[in-house]
Amino acid sequence: QLQLVESGGGLVQPGGSLRLSCEVSGFTSNNVAIAWFREAPGKEREGVSLISATGGITNYAGSVKGRFTVSRDNAKNTVYLQMNSLQPEDTAVYYCAADKNGYYYPDLAYKQYDYWGQGTQVTVSS
């Protein structure tokens, strides 16, 4: 079965860094476009970042641009989200998602993905 598994979350102080991972399995080719989302309690799930199957195209929400970097290592079937200069407002459960065909949707507001990971908690607090 197709599966996305996030890892790397944890507790960090403001200004700190974390690197999240999204491991992809079950696709004929595991090189698929990946979307990162986050959801804080009481808030709508929001798109954070996008990366195409080859990594040639990326996109970021304005709130994280310049602080977060999405990348991938296709040999490891893994997409990364490097998060620097973290702030308390970044506290949320972070999810990765993929379309069943691996398509890249350039709109961060698009949420109708077919596959989602279980999420990893990121807490930024002093």
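Our structure's up above, just so we're on the same page.
Reading the values: rules and limits
- Positions within a chain are numbered from 1, following the residues in the order the chain's sequence is written.
- Only residues with pLDDT of at least 70 get local features here, since the model is predicted, and only at 80 or more are side-chain atom pairs given and counted; chain-wide, interface and lining totals rely on the full set of residues.
- In computing side-chain properties, one takes all heavy atoms of the structure into account and sets aside hydrogens as well as water.
- To qualify as a helix, a DSSP run of H or I must reach at least 4 residues; to qualify as a strand, a run of E must reach at least 2; elements of each kind are numbered from the N terminus.
- Using a 1.4 Å probe on the protein chains alone, a residue whose accessible area is under 20% of its type maximum counts as buried, one over 50% counts as exposed, and one in between counts as partly exposed.
- Residues count as neighbours in contact if any of their non-hydrogen atoms are within 4.5 Å of one another.

**A short note on unusual backbone geometry**
Now for step 1: We note that Asn77 has phi near 55°; this positive angle belongs to a residue other than glycine.
Now for step 2: Here Asn77 lies in the loop between strand S7 (68–73) and strand S8 (78–83).
Now for step 3: In this structure, Ser85 is a non-glycine residue whose phi angle is positive, near 50°.
Now for step 4: Among the structural elements, Ser85 can be located in the loop between S8 and strand S9 (92–98).
Now for step 5: Using a relative accessible area of 42% as the deciding quantity, one classes Ser85 as partly exposed.

**Thoughts on the environment of Ala40**
Now for step 1: Topologically, Ala40 is positioned in the loop between strand S4 (34–39) and strand S5 (46–51).
Now for step 2: Residue class for Ala40 comes out buried when judged on its relative accessible area of 15%.
Now for step 3: Taking the C-alpha atoms as reference points, Ala40 and Val93, separated by 53 residues in sequence, lie 6.4 Å from one another.
Now for step 4: Contact partners of Ala40, with chain neighbours within four places excluded, come to Thr91 and Ala92.

Interpretation in functional terms is not warranted from these geometric data alone.
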